[in-house]
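# Examining the three-dimensional arrangement
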Amino acid sequence: ILAQVSAKKGQTFHFGSTYDTYDADQSWFTSIFTTFYRHVVSENGCKWDATEPTQGASDLTECLATHTFATSNGNTFRGHNTFWHSQTPSWLPGSFSASEVTGTIIPQHVQQEIEGMGPSVTSWDVVNEVVGDGVSSGMTALQCVQNKGDWPTVTADGSGKPLVTDLSFIYAAFNTAYTYAGNTTRLAVNEYNTGGQDAKTACILSLIQNIQQNTNIPYNRLAVGFQSHLTASTGGFYTKQALATTFSTLAALGVNSMITEMDIAVNADNTANLRYQAAIWGDYLDACLYASNCNEFINWDPRDDLSWRGTSAAATLFDSSGNPKPAAYEVAARLQNY
Ligand code: G3I
């Protein structure tokens, strides 16, 4: 089905999930990444704590092993992530000057990881979750990033207080990524609770334009990843129309969009909730399928018992026995109908 979808879309449509080499039930992973998922992202193995445990010493063992799992099963691979305030190595945060952070620490890490992983990566989350949750409409890109309170990744003055006086640390990450990534690799800002017409999404839209204006990276090499960690019972999701509007706003700029970490927590694993989950999942997939600039759709954790949201959230496409849930059938149907 995915080959037909790709042919119809005019470019490869990447549909996948997460994998780590230490995940339980490796044999199930091999089969499900042969029959259902065809695109791999490392859930944890390509993060800063895994890839630069000692400053300046790159260790891509885990990240490369995930890439090998992908290619040996005929899957494509995306990189997550080269910069995030969470899961940093023990030497971060440290008391580094702003110029050390922007001039050395970030470029060195981004180069090591992206160059080391090679050019066959569909997209990289160059920066992950850099926009605050307390943003309001009309904020500048700098204000949106300054609003991100928990900034322990790099404290320029070592005081523990974030010192984000400008966005040069983000430009450094993107410029380095653009230099070392494959020439078709999309370079993304990746964010949660975004995708509709709200202040945080507006921040992401102004941030991606700010990045383009300050790096001159062509718009068609840039992307926005909408993580999409949703909660059905609280209405914590966007409508297909809201998503489509955001995708088309980005398409008008020439920027790619992706659904990068989809899961939908449901209160109780009952028929009605699972059908509700399926409908939301199908609408998110349709929003991406029918958008000219959305060609990656990643489901976060391939099975309920492996979900970071806990088994009881029943948040993924497959139940804990590895059986497809209504959402998996819905997704297959939407792909078939496209
Ligand atoms: O590898 C260690 C292991 O050695 C140790 O024994 C074990 C117990 O302490 O911890 C293991 O590390 C855990 C790691 O997952 C690997 O399993 C960390 O404690 C745990 O915090 C980490 O959780 C990950 C989380 O990011 C960290 O923030 C989740 O698996 C992962 O699904 C989640 O994914 C993030 C995305 O990267 C970014 N978007 C949000 C999403 C959900 O938080």
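Residues numbered from 1 in each chain as written. Predicted model: local features only at pLDDT ≥ 70, side-chain atom pairs only at ≥ 80, totals over all residues. Heavy atoms only, no water.

Quick reminder of the rule: UniProt positions are given in the numbering used here, feature names are shortened, and annotations may be inferred rather than shown by experiment.
The name an unreviewed UniProt entry gives the protein chain is Beta-xylanase, with Mycena albidolilacea as the organism. UniProt's Sequence similarities (unreviewed entry) comment on the protein chain is quoted here verbatim: "Belongs to the glycosyl hydrolase 10 (cellulase F) family."

### Concerning the environment of Leu-2
Let me state the cut-off plainly: Helix and strand definitions here come from DSSP, where helices need a minimum of 4 consecutive H or I residues and strands a minimum of 2 consecutive E residues; each element is numbered from the N-terminal end. Exposed residues in this analysis have more than 50% of their type's maximum accessible area, buried residues have under 20%, and partly exposed residues fall in between, with area computed by a 1.4 Å probe over protein chains only. Contacts are residue-level and defined by heavy atoms, with any inter-residue pair within 4.5 Å sufficient.
Inspection of the secondary structure puts Leu-2 in helix α1 (residues 2-9). By relative accessible area, Leu-2 is classed as buried at 15%. Not counting chain neighbours up to four residues away, the residues in contact with Leu-2 comprise Phe-13, Phe-15, Phe-36, Arg-38 and Leu-335.

### Side note on the pattern of salt bridges
It is possible for side chains of opposite charge to pair when their charged atoms get near one another. Selection criterion: Definition used for salt bridges: Asp or Glu carboxyl oxygen within 4 Å of a side-chain nitrogen of Lys or Arg.
Overall, the coordinates contain 14 salt bridges when judged by the stated rule. A salt bridge links Asp-125 to Arg-78; its shortest N-O distance comes to 2.7 Å. Of the two residues, Asp-125 sits in strand β4 (residues 123-128) while Arg-78 sits in strand β3 (residues 76-80), which places them 47 residues apart along the sequence. In this structure, Arg-334 engages Asp-283 in a salt bridge whose closest nitrogen and oxygen atoms are separated by 3.2 Å. With Arg-334 in helix α11 (residues 326-337) and Asp-283 in helix α10 (residues 271-289), the pair connects residues that are 51 residues apart, well separated along the chain. Take Asp-283: its relative accessible area is 26%, and that puts it in the partly exposed class.

### Here we look at the state of the cysteines
Among covalent bonds in proteins, the disulfide is the one between the sulfur atoms of two cysteines. Under the convention used in this document: What counts as a disulfide here is a pair of cysteine sulfur atoms lying within 2.5 Å.
Overall, the coordinates contain 3 disulfides when judged by the stated rule. Put simply, Cys-288 and Cys-294 are joined by a disulfide, and their sulfur atoms are 2.0 Å apart. Handedness of the Cys-288-Cys-294 disulfide follows from its S-S torsion of about -90°: it is left-handed. As far as the burial class goes, Cys-288 and Cys-294 line up, both buried. Taking only the cysteines that form disulfides and numbering them from first to last, the protein chain has the pattern 1-2, 3-4, 5-6.

### Quick word on the site of the ligand
What counts is decided by this rule: By convention in this text, a residue qualifies as near a molecule or strand provided that one of its non-hydrogen atoms is within 4 Å of it. By the criterion applied in these results, polar contacts are pairs of N or O atoms within 3.5 Å in which, for protein atoms, one can donate a hydrogen and the other can accept it, and in which residues neighboring in sequence qualify only through two side-chain atoms. The Shrake-Rupley method, run with a 1.4 Å probe, gives the accessible areas here. Residue values count only the displayed protein chains as cover. Residues are sorted three ways: Asp, Glu, Lys and Arg are charged, Ala, Val, Leu, Ile, Met, Phe, Trp, Tyr, Cys and Pro are nonpolar, and all the rest, Gly among them, are polar.
Of all residues adjacent to the ligand, which total 15 residues, the nearest are Glu-43, Lys-47, His-80, Glu-129 and Glu-261. Taking Glu-43, its side chain carries an N or O atom lying 2.6 Å from an oxygen atom of the ligand. With respect to the ligand, the side chain of Gln-87 contributes an N or O atom lying 3.5 Å from an oxygen atom. Here the ligand loses 49% of its free accessible area of 800 Å² to cover by the protein chains. Class assignment of the residues belonging to the shell around the ligand gives a composition of 4 nonpolar, 7 polar and 4 charged.

### So, the side chain of Lys-148
Among the secondary structure elements, Lys-148 is positioned in the loop between α6 (141-146) and α7 (168-180). We classify Lys-148 as buried; its relative accessible area is 3%. Engagement of the side chain of Lys-148 in a polar contact is seen with the backbone oxygen of Glu-129, the distance being 3.3 Å. Contact partners of Lys-148, with chain neighbours within four places excluded, come to His-85, Glu-129, Val-130, Val-131, Gly-132 and Tyr-192.

### Observations regarding the packing of α7 against helix α8 (residues 199-215)
When two helices pack together, you describe them by how their axes are tilted relative to each other and by the distance separating the axes. Heads up, the condition is: Between the N-to-C directions of two axes lies an angle of 0 to 180 degrees, each axis being a line fitted to C-alpha atoms and, for a helix, fitted only over the stretch in contact. Just so you know how the angles are binned, under 35 degrees is roughly parallel, over 145 roughly antiparallel, 65 to 115 roughly perpendicular, and the rest oblique. If you view the pair so one helix is near and one far, a crossing is left-handed when the near helix is turned anticlockwise from the far one by less than a right angle, and right-handed when it is turned clockwise.
For the pair α7 and α8, interaxial distance at closest approach is 10 Å and the crossing angle is 70°. Put simply, α7 runs roughly perpendicular to α8. The way α7 lies across α8 gives a crossing that is right-handed. Note on element contacts: α8 touches α7 through Leu-207, Asn-210, Ile-211, Asn-214 and Thr-215, opposite Ile-170, Tyr-171, Phe-174 and Asn-175.

### Thoughts on helix α2 (residues 26-35)
Applied cut-off: This arc is taken over the directions from the axis of the helix to the C-beta atoms.
When we look at burial in α2, the residues that qualify are Trp-28, Phe-29, Ile-32 and Phe-33. The buried residues of α2 occupy one face: seen down the axis, they fall within an arc of 120°. The outward face of α2, more than 90 degrees from its buried face, is lined by the exposed residues Ser-27 and Thr-35. Residues of α2 that are buried in the fold lie against β1 (14-19), β2 (39-42) and α4 (61-72).

### So, the packing of aromatic side chains
Heads up, the condition is: Side-chain rings of Phe, Tyr and Trp, where Trp is taken by its six-membered ring, are said to pair if the distance between their centres is within 6.5 Å; with planes under 30 degrees apart they count as stacked, over 60 as edge-to-face, and otherwise as tilted.
Inspection of the entire model under this criterion finds 20 aromatic pairs. Judged by centre distance (5.4 Å) and plane angle (40°), the rings of Phe-33 and Tyr-37 are tilted. This pair shows no difference in class: Phe-33 is buried, exactly as Tyr-37 is. With a centroid separation of 5.9 Å and an interplanar angle of 85°, the aromatic rings of Phe-237 and Tyr-276 are classed as edge-to-face. Separated by 39 residues along the polypeptide, Phe-237 in the loop between β7 (229-231) and α9 (240-253) and Tyr-276 in helix α10 bring together distant segments of the chain. Judged by relative accessible area, Phe-237 falls into the partly exposed class, the value being 24%. Classification of Tyr-276 as partly exposed rests on a relative accessible area of 39%.

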